[in-house]
Amino acid sequence: MTTRIALITGANKGIGYETARRLAELGMTVLIGARDEQRGREAEASLRELGADARFVPLDVTDAASIARAAEWIDAEFGRLDVLVNNAGTATVSRQRALASETSLDDMRAVYEVNVFGLVAVTNAMLPLLRRAEAARIVNVSSEVGSIGSQSDPESPLYAMPASAQYPSSKAAVNMLTAMYARELRDTPIKVNAANPGFTDTDFNDHRGIRSVQDGAEPSVHLATLPADGPSGILWGHLWRSDREGGYGVLPW
Ligand SMILES: NC(=O)c1ccc[n+]([C@@H]2O[C@H](COP(=O)([O-])OP(=O)(O)OC[C@H]3O[C@@H](n4cnc5c(N)ncnc54)[C@H](OP(=O)(O)O)[C@@H]3O)[C@@H](O)[C@H]2O)c1
C-alpha cells in the first residue's frame, strides 16, 4: 500500500503534535504545519527522533500566500494529500471571558481569522490535492463549547460555565462548515468530520485541561483513519459531563 500523506495544521505542539505522532505511528508521512519556523523544525526533529517520517511545512492559516505555498509544495512533493487535520486554533484574545454583550469585534475577528477563515482557506487550497487521493479524510478540530445544543441547555454543565462569545461561536461555525463540506463532497470518497478533543491539558488553557494530549488527539486520529463505510458530517469525540467522566462517541451539534 502507498504511504498516506497527512497534513496537520498547528502541529508544532499540543493536540496537533500528538495527532501527528499517532498518524506517523500508523505509517503515514506527516506534514507538520506550523507558522513559526523554529517551532516547526523542533517538532519535526523530535518526531523524527521517534522514528516518524515527519516534514515541516511553513503554514500560517491566516496568510493566503503561506497557504498557497504549502499547497504548491505538497503538490510538487507528493501530488496528492490523503488526510487534512484542521487543528490550528486559538481563543487568545484580550478579553477572554467577556459576555456576549461585551464582545469586542477585534477579539472576534482575531479568533475567527484562525478558527474559521483559516480552516476554509486551508481546506479550499488543499481540496484539489485531497480529490487526487484514493479516499481522503478531512478532520476539523472543533469543541464541545461550539455545541449550540449544550450551550442552550440548562441541564448541560457547559450552561453554567463562564464563556466568551467568540470562541464558542467560532467552533459552532466549524461545526456548520463540517456539515456543508460533507454535503458538498457526499458523492466522493472524501469524508469530512469534526473532532471534539475534550478539555485537554495544553498551553491552550494554561494546562488546566483534565485530559491528556493522548486522549485529546484520539478523536482526530479516529476520524482521520475512518474506513470506507465510516460516517461523514458528524461531530465525534469526548463527551463532557458534570462528573468529568463523560463518554466517547457522536456528539449533538
Ligand atoms: N485544549 C483543549 O482543551 C481543547 C478543547 C477543545 C478543542 N481544542 C482545539 O484543539 C485544537 C488544538 O488546540 P491545543 O489545545 O493543542 O492548543 P495549543 O497547544 O495552543 O496549540 C495550538 C496550535 O495552533 C497553532 N496556531 C495558532 N494560530 C495559528 C495560525 N495562524 N497558523 C498556524 N497555526 C496556528 C499554534 O501555533 P503556535 O505555537 O505558533 O502558537 C499551535 O501549534 C484547537 O483548534 C483548539 O481550539 C482544544
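Residues numbered from 1 in each chain as written. Predicted model: local features only at pLDDT ≥ 70, side-chain atom pairs only at ≥ 80, totals over all residues. Heavy atoms only, no water.

As recorded by an unreviewed UniProt entry, the chain carries the name SDR family oxidoreductase and is attributed to Leifsonia sp. NPDC080035. According to the UniProt record, the Sequence similarities (unreviewed entry) comment for the chain is "Belongs to the short-chain dehydrogenases/reductases (SDR) family." (UniProt positions renumbered as here; feature names shortened; annotations may be inferred.)

What follows deals with the sheet that holds strand β1 (residues 5-8). Taking strand neighbours across the sheet as the criterion, the eight strands line up as β3-β2-β1-β4-β5-β6-β7-β8 in an open arrangement whose pairing is mixed. With one partner strand each, in any of the chains shown, β3 (54-58) and β8 (248-251) form the two edges of the open sheet. Going from strand to strand, the sheet's axes swing by 25° on average, the running direction of each strand aside. Pairing analysis gives four bridges linking β1 to strand β2 (residues 29-34), with the strands arranged parallel. Each residue of the ladder has a partner; that of Ala6, found in β2, is Val30. The strands touched by helix α3 (residues 64-78) are β1, β2 and β3; relative to β3, the strand with the most contacts, the crossing angle is about 145°. Its contacts with the sheet put helix α4 (residues 105-132) on β1, β4 (83-86) and β5 (137-141), and the angle it makes with β4 is roughly 180°. (Pairing = 2+ DSSP bridges. Helix = DSSP H or I, 4+ residues; strand = E, 2+ residues; numbered from the N terminus. Axes fitted to C-alpha atoms, helices over the stretch in contact; angles between N-to-C directions. Contact = heavy atoms within 4.5 Å.)

Here we take up the site of the ligand. Of all residues adjacent to the ligand, which total 27 residues, the nearest are Arg35, Arg39, Tyr167, Thr200 and Thr202. In this structure, Asp60 approaches the ligand through a side-chain N or O atom, which is 3.0 Å from a nitrogen atom. For the ligand, an oxygen atom lies 2.7 Å from a polar atom in the backbone of Thr200. Protein burial of the ligand: of its 900 Å² of free accessible surface, 94% is covered by the chains. (Near = heavy atom within 4 Å. Polar contact = N/O pair within 3.5 Å; in protein donor to acceptor, adjacent residues only side chain to side chain. Areas by Shrake-Rupley, 256 points an atom, 1.4 Å probe, with all protein chains shown as cover.)

Take the side chain of Ser156 next. Relative to the helices and strands, Ser156 resides in the loop between α5 (148-151) and α6 (166-184). A residue is classified by how much of its surface remains accessible, and Ser156, at 11% relative accessible area, is buried. In this structure the side chain of Ser156 is engaged in a polar contact, spanning 3.1 Å, whose partner is the backbone nitrogen of Leu158. (Buried < 20%, exposed > 50% of the residue type's maximum accessible area, 1.4 Å probe, protein only.)

Secondary-structure assignment places Arg22 in helix α1 (residues 14-25). Residue classification places Arg22 among the buried positions, given a relative accessible area of 19%. Residues contacting Arg22, with those up to four places away along its chain left out, are Gln214, Glu218 and Val221.

Turning our eyes to something else, we now look at the packing of α4 against α6. The interhelical angle for the contact between α4 and α6, taken along N-to-C directions, is 20°, at an axis separation of 9 Å. Classed by the angle they form, the pair α4 and α6 counts as roughly parallel. As α4 runs across α6, the sense of the crossing is right-handed. On the side of α4, the interface is formed by Asp107, Met108, Val111, Tyr112, Asn115, Val116, Leu119, Val120, Thr123, Asn124, Leu127 and Arg131, while α6 contributes Gln166, Tyr167, Ser169, Ser170, Lys171, Ala173, Val174, Leu177, Tyr181 and Glu184. Of the residues contributing to the contact of α4 with α6, the split by class is twelve nonpolar, six polar and four charged. (Parallel < 35°, antiparallel > 145°, perpendicular 65-115°, else oblique. Left-handed = near helix turned anticlockwise from the far one by under 90°. Nonpolar A, V, L, I, M, F, W, Y, C, P; charged D, E, K, R; others polar.)

With respect to burial, β5 is a largely interior element, five of its five residues being buried. Pairing geometry for β4 and β5, over four bridges, is parallel. The residue bridging Val85 from the neighbouring strand is Val139, located in β5. Alignment of β5 against strand β6 (residues 191-196), held across five bridges, turns out to be parallel.

Here we take up the environment of Leu177. Looking at the element boundaries, Leu177 is found in helix α6. Here the alpha-carbon distance between Leu177 and Ile8, two residues 169 residues apart in the chain, equals 18 Å. Not counting the four nearest positions on each side in its chain, Leu177 is found in contact with Val116, Leu119 and Val120.

What follows is about helix α7 (residues 213-224). For α7, spanning twelve residues, the distance from its first C-alpha to its last is 16 Å, which sits close to the expected 16 Å at 1.5 Å a residue. At its buried positions, α7 is contacted by α1, β4, β5, β6, β7 (235-238) and β8. (Expected span 1.5 Å × (residues − 1).)

If you walk through the whole model with that rule in mind, you get twelve salt bridges. Close ionic contact of Arg21 with Glu25 constitutes a salt bridge, the shortest N to O distance being 2.9 Å. Residue Arg21 and its partner Glu25 are both found in helix α1; the two are separated by four residues, about one turn of the helix. The partly exposed category is assigned to Arg21, whose relative accessible area is 22%. For Glu25, a relative accessible area of 56% puts it in the exposed group. The shortest N-O distance in the salt bridge between Arg109 and Asp106 comes to 3.6 Å. Of the two residues, Arg109 and Asp106 are both situated in helix α4; the distance of three residues between them amounts to about one turn of the helix. Residue classification places Arg109 among the partly exposed positions, given a relative accessible area of 48%. Residue classification places Asp106 among the exposed residues on the basis of a relative accessible area of 59%. Put simply, Glu18, Arg21 and Glu25 are held in one network by salt bridges that share partners. (Salt bridge = Lys/Arg side-chain N within 4 Å of Asp/Glu carboxyl O.)

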